[in-house]
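This is what each chain is made of:
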Amino acid sequence: MTARKNDRVSFRLPVSIDRRAALSSDLSSAGFCLESPQLRAAGEEVTGFVLYGNKELTWTGRVAWVTAGNPMMSTWHRIGIEFTKVSPGLRALLSMSTR
């Protein structure tokens with residue numbers, strides 16, 4: 001198994017990915033893992049925001065990996081997002097959260 005470049009921390013936040021609801025399960029300065037009812041394709045370019053309080057902290061990224069959920073067990077898909085751009089507000093939140 002390949003070692004991670006960045007440490008991840010468990011952090012639950014509401015997230016929008018291309019205007020569809022999702023939840024973060026962990027994050028790092030380089031990206032995050034999302035749980036989503038919408039399946040995405042690896043390599044897909046995506047945009048979205050993290051809802052933090054009443055602020056929408058924007059990001060753009062690439063789907064790095066996907067693990068399909070199981071609708072028979074009501075589990076959502078897990079999607080690894082690698083950031084390509086983050087807003088200053090999200091960068092600050094990531095910096096505080098990963099210390």
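The rules behind the values
- Residues numbered from 1 in each chain as written.
- Predicted model: local features only at pLDDT ≥ 70, side-chain atom pairs only at ≥ 80, totals over all residues.
- Heavy atoms only, no water.
- Phe/Tyr/Trp six-rings, centres within 6.5 Å; stacked < 30°, edge-to-face > 60°.
- Helix = DSSP H or I, 4+ residues; strand = E, 2+ residues; numbered from the N terminus.
- Buried < 20%, exposed > 50% of the residue type's maximum accessible area, 1.4 Å probe, protein only.
- Pairing = 2+ DSSP bridges.
- Salt bridge = Lys/Arg side-chain N within 4 Å of Asp/Glu carboxyl O.

A.B. asks: For this particular structure, what's the right way to read the packing of aromatic side chains?
C.D. replies: Two aromatic rings are characterised by how far apart their centres lie and by the angle between their planes. Applying the stated criterion across every chain, the model contains three aromatic pairs. Taking the centre distance of 4.9 Å and the plane angle of 70° together, the rings of Phe-32 and Phe-83 count as edge-to-face. In this pair, Phe-32 is assigned in strand β4 (residues 31-36) and Phe-83 in strand β7 (residues 77-86), connecting sequence segments 51 residues apart. Of the two residues, Phe-32 and Phe-83, both sit in the buried class. In this structure an aromatic cluster arises from ring pairing among Phe-32, Trp-59 and Phe-83.

A.B. asks: How should the pairing of strand β3 (residues 20-27) be read in this particular structure?
C.D. replies: Within a regular strand, side chains alternate between the sheet's two faces. Bridge analysis of strand β1 (residues 9-10) against β3 gives two bridges, and the strand direction is antiparallel. The partner of Ser-10 across the bridge, within β3, is Asp-26. With four bridges joining them, strand β2 (residues 14-17) and β3 adopt antiparallel strand pairing. Across the sheet, residue Ser-16 finds its bridge partner in β3, namely Ala-21.

A.B. asks: What should I look at first to understand the pattern of salt bridges in this one?
C.D. replies: In total, this model carries five salt bridges according to the counting rule given. With a closest N to O distance of 3.1 Å, Arg-40 and Asp-18 form a salt bridge. One end of the pair, Arg-40, is in the loop between β4 and β5 (45-52); the other, Asp-18, is in the loop between β2 and β3, with 22 residues separating them in the sequence. The closest approach of N and O atoms between Arg-40 and Glu-44, which form a salt bridge, is 3.0 Å.

A.B. asks: Help me understand unusual backbone geometry in this model?
C.D. replies: Negative phi values dominate among residues other than glycine, just as trans dominates among peptide bonds. Within the chain, Asp-18 stands out as a residue other than glycine whose phi angle is a positive 50°. The class of Asp-18 is partly exposed, set by a relative accessible area of 30%. Positive phi values are uncommon outside glycine, yet Arg-19 reaches one of about 65°. Relative to the helices and strands, Arg-19 is located in the loop between β2 and β3. Owing to a relative accessible area of 65%, Arg-19 belongs among the exposed residues under this scheme.

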